[in-house]
Amino acid sequence: MSIDVEVGRLRAAPPAAHGLSSRQQSLIGVVALLVLLPFVLRMEPRNFLPFTDLGIWRFLAEGVLTVLLISAVAIVLSLPLAVLLALGRLSARPALRLPAIGFVEGIRAIPLLLLIFYVFLNIPRDVPALVSRESLALTLALLVYTAAINAETLRAGILALDRGQMEAARSLGLSHAAALRYVVLPQAFRNTLPPLLAQFTTLVKDTSLGLAIGMVELLSRGRIIYQGERNPMETLYVVALLYFVVNFILEQASLATQRGGPALQQ
Amino acid sequence: MRYVLLPQTFAAIIPPLGSVFIALIKNTALASTIAVPELLYQSQLVESRTFNPNILIVTGLMYLAITIPGGLLVNLLESRFSIARTRR
């Protein structure tokens with residue numbers, strides 16, 4: 001139990017000597033870097049001229065929308081799969097445990113890009129889909145990959161819980177499934193929330209891998225722009241800013257849910 | 001710093017450091033998008049010549065053949081250096 005208390009104290013992040021939390025410091029660092037970067041890389045002010053046009057912003061905004069849509073679908077669908085995989089890996093039955101182990105370890109050990117290619121090449125051409133084959137493949141690959149990684153995080157969260165939690169729930173008359181559903185899983189989720197959310201931020205950035213299978217998402221729209229305007233540095237800078245804004249908003253939202261959620265148990 | 005703090009730090013962060021390095025190995029696959037002839041790029045060439053997407057399964061196994069020994073090495077290092085930590 002002493003270890004738990006220590007972790008809680010560390011997570012509270014004592015304010016630095018001059019009164020800024022480490023989160024505020026890193027935000028200042030990122031903003032300073034973004035401001036300095038155009039000068040360090042000697043970007044030409046006139047290469048930013050295309051961005052005075054509203055049409056380009058609409059073009060990029062559609063890319064942001066694609067990123068948000070694919071991330072949202074992949075995140076929402078990956079969670080139940082991650083829970084199933086984590087429970088499968090912890091199961092006492094080899095028939096459930098072994099496939100889960102093989103799946104999680106296999107997916108985690110191969111590059112995400114390879115997974116995307118594989119899914120993309122195996123999607124039948126004549127499948128009646130509402131969305132393009134590219135976005136379907138990208139969403140599926142991101143979903144499976146994120147689920148495999150989050151399954152390991154969740155498994156660690158479940159194992160880190162005191163065994164007494166499960167035993168107490170069972171002795172109160174809850175079935176094994178009910179004990180998992182109402183006692184073990186909520187606590188495991190709450191304790192592993194930071195790494196889970198970090199993986200979701202990674203997922204948002206990994207949507208840019210759709211470029212490799214010919215998806216027209218944010219990064220690929222940036223490439224279309226700079227191939228026309230011949231200003232790769234400046235365009236990629238703007239695209240990076242957009243990714244930063246998306247992830248910053250996501251992080252603020254997740255911080256808000258953490259603050260609004262039930263207090264950490266000690 | 002040199003003889004007390006850093007050795008303990010490294011012993012404590014071997015597992016996460018190891019997973020970052022293994023992730024780095026997997027991220028070399030990204031180089032194929034800028035036409036570096038590495039493992040994934042070459043297997044795409046084979047795939048486009050044979051029209052057989054299952055080539056990529058073989059490629060995946062090759063990545064496994066690299067990352068699994070890497071993971072075992074990390075486990076070995078972890079058990080080798082974690083003695084100091086458990087005696088706390």
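Every chain begins its residue count from 1, and numbering advances along the sequence as written. As a convention, the first chain written is A and the first ligand written is 1, with the rest following in written order. Local features in this predicted model are restricted to residues of pLDDT 70 or higher, and side-chain atom pairs are both shown and tallied only at a pLDDT of 80 or more, whereas totals for entire chains, interfaces and linings draw on every residue. Excluded from the side-chain calculation are hydrogens and water; included are all heavy atoms of the structure.

**Details of the overall build of chain A**
To qualify as a helix, a DSSP run of H or I must reach at least 4 residues; to qualify as a strand, a run of E must reach at least 2; elements of each kind are numbered from the N terminus. A tally of regular secondary structure across chain A gives eleven helices and zero strands. Relative accessibility thresholds used throughout: buried, under 20% of the residue-type maximum; exposed, over 50%; partly exposed, between the two (1.4 Å probe, protein chains only). Burial status across chain A gives 39% buried among its 266 residues. Throughout, a residue-residue contact means that at least one pair of heavy atoms, one from each residue, lies within 4.5 Å. Put simply, 75% of the contacts in chain A that link residues at least 6 apart link residues at least 24 apart. For the area figures, the Shrake-Rupley method with a 1.4 Å probe applies, and any residue is considered shielded solely by the protein chains shown. Taken as a whole, chain A presents about 15200 Å² of accessible surface, with 67% of it coming from carbon and sulfur.

**Some remarks on the overall build of chain B**
Looking only at helices and strands, chain B has five helices and zero strands in total. Every radius of gyration here is taken over C-alpha atoms, with the globule rule written as 2.2 Å times N^0.38, N being the number of residues. Here the C-alpha atoms of chain B give a radius of gyration of 18 Å, more than 25% beyond the 12 Å that 2.2 N^0.38 yields for 88 residues. Burial analysis of chain B (88 residues in total) assigns 24% to the buried set. Considering only residue pairs separated by 6 or more positions, chain B has 50% of its internal contacts joining residues 24 or more positions apart. Carbon and sulfur atoms provide 71% of the accessible area of chain B, an area that totals close to 6300 Å².

**Digging into the nonpolar core**
For this analysis, a nonpolar core means a set of buried residues of the types Ala, Val, Leu, Ile, Met, Phe, Trp, Tyr and Cys, connected via side-chain atoms within 4.5 Å. Judged by nonpolar contacts, the single largest core of 33 residues is most densely connected at Leu-112, Leu-115, Ile-116 and Leu-142 of chain A together with Leu-40 of chain B. Those elements that place two or more of their residues in this core are helix 3 (54-90), helix 5 (112-122), helix 6 (133-160) and helix 9 (193-206) of chain A together with helix 4 (55-81) of chain B. The biggest single contributor to this core is helix 6 of chain A, with nine residues. Residue contacts for Ile-116 of chain A: discarding those within four places in its chain leaves Leu-138, Ala-141, Leu-209 and Ile-213 of chain A. One finds Ala-82, Ala-100, Val-104 and Ile-158 of chain A within the second-largest nonpolar core, a separate group that totals 20 residues.

**Topic: the packing of helix 2 (residues 14-27) of chain B against helix 4 of chain B**
Residue and element names in this part refer to chain B. Here, axes are lines fitted to C-alpha atoms. For helices the fit covers the stretch in contact, and angles between N-to-C directions go from 0 to 180 degrees. Between helix 2 and helix 4, the shortest axis-to-axis distance is 10 Å and the interhelical angle comes to 165 degrees. With respect to helix 4, the axis of helix 2 lies roughly antiparallel. Handedness of the crossing formed by helix 2 with helix 4: right-handed. From helix 2, Ile-14, Pro-15, Gly-18, Ile-22, Ile-25 and Lys-26 reach across to helix 4, where they touch Tyr-63, Ile-66, Thr-67, Gly-70, Gly-71, Val-74, Leu-77, Glu-78 and Phe-81. When the residues that make up the contact of helix 2 with helix 4 are grouped by side-chain class, the tally is nine nonpolar, four polar and two charged. What sets the label is the angle itself: under 35 degrees gives roughly parallel, over 145 gives roughly antiparallel, 65 to 115 gives roughly perpendicular, and the rest give oblique. Each crossing is labelled by how the near helix is turned from the far one, with a counterclockwise turn of less than a right angle marking it left-handed and a clockwise turn marking it right-handed. Throughout, the ten residues Ala, Val, Leu, Ile, Met, Phe, Trp, Tyr, Cys and Pro are labelled nonpolar, Asp, Glu, Lys and Arg are labelled charged, and all others, Gly among them, are labelled polar.

**Overview of the packing of aromatic side chains**
Residues and elements named next belong to chain A. Pairing of aromatic rings covers Phe, Tyr and Trp, the last counted by its six-membered ring, and requires centre-to-centre distances within 6.5 Å; plane angles under 30 degrees mean stacked, over 60 mean edge-to-face, and any other angle means tilted. Under the defined criterion, the tally for this structure stands at three aromatic pairs over all chains. When the ring of Phe-48 is compared with that of Tyr-237, the centres are 6.2 Å apart and the planes differ by 75 degrees; the resulting orientation is edge-to-face. Of the two residues, Phe-48 sits in the loop between helix 2 (22-40) and helix 3 while Tyr-237 sits in helix 11 (residues 232-260), which places them 189 residues apart along the sequence. Here, over-ring charges are defined by two tests on the NZ atom of lysine or the CZ atom of arginine: distance to the ring centre within 6 Å, and angle to the ring normal within 35 degrees. A cation over a ring is seen here: Arg-221 above Phe-59, with NZ or CZ 4.9 Å from the ring centre.

**Observations concerning the side chain of Asn-47 of chain A**
Residues and elements named next belong to chain A. Tracing the sequence through the fold places Asn-47 in the loop between helix 2 and helix 3. You can call Asn-47 buried: its relative accessible area is 18%. The term polar contact refers here to a pair of N or O atoms within 3.5 Å; inside protein, the definition further demands a hydrogen-donor-capable atom paired with an acceptor-capable atom, and it admits residues adjacent in sequence only when both atoms are side-chain atoms. Within the structure, Asn-47 has its side chain in polar contact with the side chain of Glu-234 (distance 3.4 Å). Once residues within four sequence positions are removed from consideration, Asn-47 is found in contact with Asn-231 and Glu-234.

**Concerning the layout of surface pockets**
Grid spacing is 1 Å over the protein atoms alone, the probe is 1.4 Å, and a cavity is where that probe fits but cannot get out, while a pocket is an open set with protein on both sides within 12 Å along at least five of seven lines and lining residues have an atom within 4 Å of a point. Grid points are joined across faces, edges and corners, and a volume is the space filled by probe spheres set on the points. As a volume, the largest pocket reaches approximately 1300 Å³. Around the largest pocket, the lining is made up of 38 residues, and of these Arg-108 of chain A together with Ser-19, Val-20, Ile-22 and Ala-23 of chain B lie nearest the centre. Of all the elements in the fold, those that place two or more residues in the lining of the largest pocket are helix 4 (94-109), helix 5, helix 6 and helix 9 of chain A together with helix 2 and helix 4 of chain B. Taken together, the residues of the lining of the largest pocket sort by class into 18 nonpolar, eleven polar and nine charged.

**Observations concerning the pattern of salt bridges**
Residues and elements named next belong to chain A. Throughout this description, the term salt bridge denotes a Lys or Arg side-chain nitrogen within 4 Å of a carboxyl oxygen of Asp or Glu. Enumeration according to the criterion identifies six salt bridges over all chains in this entry. Close ionic contact of Arg-221 with Glu-62 constitutes a salt bridge, the shortest N to O distance being 3.4 Å. In this pair, Arg-221 sits in helix 10 (residues 218-229) while Glu-62 sits in helix 3, placing the two residues 159 residues apart along the sequence. The salt bridge partner of Glu-167 is Arg-163, with a shortest N-O separation of 3.5 Å. With Glu-167 and Arg-163 both in helix 7 (residues 163-171), this residue pair falls four residues apart, about one helical turn. Salt bridges linked by common partners bring Arg-89, Glu-105, Glu-152 and Arg-155 together as one network.

**A look at the confidence of the model for chain B**
The predictor's confidence in any single residue is recorded as pLDDT, a number from 0 to 100. Scored by pLDDT, chain B has a mean of 83; 92% of the residues are at 70 or more. Model confidence for the complex is summarised by a pTM of 0.81, with the ipTM given as 0.76.

**Some remarks on the side chain of Thr-67 of chain B**
Assignment of secondary structure puts Thr-67 of chain B in helix 4. The exposure class assigned to Thr-67 of chain B is buried, which follows from its relative accessible area of 5%. Excluding anything up to four places from it in sequence, Thr-67 of chain B contacts Ala-109 of chain A together with Ile-22, Ile-25 and Lys-26 of chain B.

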